[in-house]
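Observations on the three-dimensional arrangement
Single-letter residue listing:
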Amino acid sequence: AGREAAPLRREPAVFAEIQDAWAKGEGSPVAGVALLEWFTTRKDRPAGEAVCRKLLERDDLTEALTQRTLALVEKAGWNDVTLLAQERLARRSPFQHQRMLDWARALHDAGRIDDALGVLEEFGARTVFQEQLSGDLARTLLDFGEVRRAREYFERAVRADPSARNYRVHLDFARLL
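Residues numbered from 1 in each chain as written. Predicted model: local features only at pLDDT ≥ 70, side-chain atom pairs only at ≥ 80, totals over all residues. Heavy atoms only, no water.

Comments concerning the overall build of the chain
A count of helices and strands for the chain gives ten helices and zero strands. Moving toward the C terminus, one meets the helices and strands of the chain in the order α-α-α-α-α-α-α-α-α-α. Taken over C-alpha atoms, the radius of gyration comes to 21 Å for the chain, far larger than the 16 Å a tight globule of 177 residues would show. Its C-alpha atoms put the chain at 65 × 45 × 20 Å along the principal axes. A total of 177 residues make up the chain; the buried ones form 43% of that total. Summarising the internal contacts of the chain: among those between residues at least 6 apart in sequence, 50% fall at separations of at least 24. Accessible area of the chain: about 10300 Å², with a carbon and sulfur share of 50%. (Helix = DSSP H or I, 4+ residues; strand = E, 2+ residues; numbered from the N terminus. Rg over C-alpha atoms; globule rule 2.2 N^0.38 Å. Buried < 20%, exposed > 50% of the residue type's maximum accessible area, 1.4 Å probe, protein only. Contact = heavy atoms within 4.5 Å. Areas by Shrake-Rupley, 256 points an atom, 1.4 Å probe, with all protein chains shown as cover.)

Next up, the structure:
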């Protein structure tokens, strides 16, 4: 007979034990995410943000747990740590380009325009011969109102693949602006 996993007990005493372990630096990333979920459901922002920051500093935090952390803090509306979680995902998965664009958009939405443009510039350094990445970057820059920079990346996309009509149309549009 197979064994079934026991459901996570959600009694305050269990979370008090997890919190004590975390305070001593002995908690696992899985326990930390459970603790973060506990704090977000109870709207305990100071405690939740502290756990989140500690989680995001850990080298043993997996991508899946980082994604869960991001989902929890996004749902809670904790913007500062949401940006940290997005940065963690983008930095730890450099070939998942959409994460860089998502992080840049979140920074832009938070009013951190220079930081958002810095992330896009970093992303742009990776897109030299990749028309899709150049095009994605150009569309994001256009959304940000950065028409001159967007034109440069649409031109780069067209140079990388002269038959890419989609980017040529976008380039022609950007030239009209």
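The structure having been displayed, the exposition proceeds.
Re the nonpolar core
With 28 residues, the main nonpolar core has Leu120, Leu141 and Phe154 as its most contacted residues. When residues of this core are traced back to their parent elements, those giving at least two are helix H5 (79-92), helix H6 (97-109), helix H7 (113-124), helix H8 (131-143), helix H9 (147-160) and helix H10 (165-176). Among the elements that line this core, the one with the most residues is H6, at six residues. Once residues within four sequence positions are removed from consideration, leucine 141 is found in contact with Leu117, Leu120, Glu146, Arg149, Ala150 and Tyr153. The next biggest cluster of nonpolar side chains, apart from the first, holds 25 residues, and it includes Ala34, Leu35, Leu70 and Trp78. (Core = buried A, V, L, I, M, F, W, Y, C linked by side-chain atoms within 4.5 Å.)

Section: the pattern of salt bridges
Counting across every chain of the model gives 13 salt bridges. Its salt-bridge partner being glutamate 152, residue arginine 148 comes within 2.4 Å of it at the nearest N-O pair. Linking arginine 148 with glutamate 152, this pair stays in helix H9, spanning four residues, or about one helical turn. Taken together, the shared-partner salt bridges connect Glu87, Arg91 and Glu122 into one network. (Salt bridge = Lys/Arg side-chain N within 4 Å of Asp/Glu carboxyl O.)

Some words on the packing of H8 against H9
It is the contact of H8 with H9, at a shortest axis distance of 8 Å, that shows an interaxial angle of 165°. Taken together, H8 and H9 sit at an angle that is classed as roughly antiparallel. Along this stretch, H8 crosses H9, giving a crossing that reads as left-handed. Contacts between H8 and H9 involve Glu131, Ser134, Gly135, Leu137, Ala138, Arg139, Leu141 and Leu142 from the former and Val147, Arg149, Ala150, Tyr153, Phe154, Arg156, Ala157 and Ala160 from the latter. (Axes fitted to C-alpha atoms, helices over the stretch in contact; angles between N-to-C directions. Parallel < 35°, antiparallel > 145°, perpendicular 65-115°, else oblique. Left-handed = near helix turned anticlockwise from the far one by under 90°.)

Considering the packing of H6 against H7
Helix packing for two helices is described by the angle between their axes and how far apart those axes are. Two elements in contact, H6 and H7, have axes separated by 7 Å at closest approach and are oriented at 165°. Relative to H7, the element H6 is oriented roughly antiparallel. Remark: the crossing between H6 and H7 carries left-handed chirality. Here His97, Met100, Leu101, Trp103, Ala104, Leu107 and His108 of H6 come into contact with H7, specifically with Ile113, Asp115, Ala116, Val119, Leu120, Glu122 and Phe123.

Regarding the side chain of glutamate 49
On the secondary structure map, glutamate 49 appears in helix H3 (residues 45-56). Look at glutamate 49 and you get buried, because its relative accessible area is 14%. Discounting residues that sit within four places of it in the chain, glutamate 49 has contacts with Trp78 and Val81.

Examining H7
The first and last C-alpha atoms of H7 sit 16 Å apart over twelve residues, in line with the 16 Å expected at 1.5 Å per residue. For H7, the set of buried residues is Ala116, Leu117, Val119, Leu120, Phe123 and Gly124. Looking straight down H7, one finds that the buried residues subtend no more than 155° of arc, so they occupy a single side. Looking at the packing, one finds that the buried side of H7 touches H6, H8 and H9. (Expected span 1.5 Å × (residues − 1). Arc of directions from axis to C-beta.)

These values are about where atoms sit, not about what they do.
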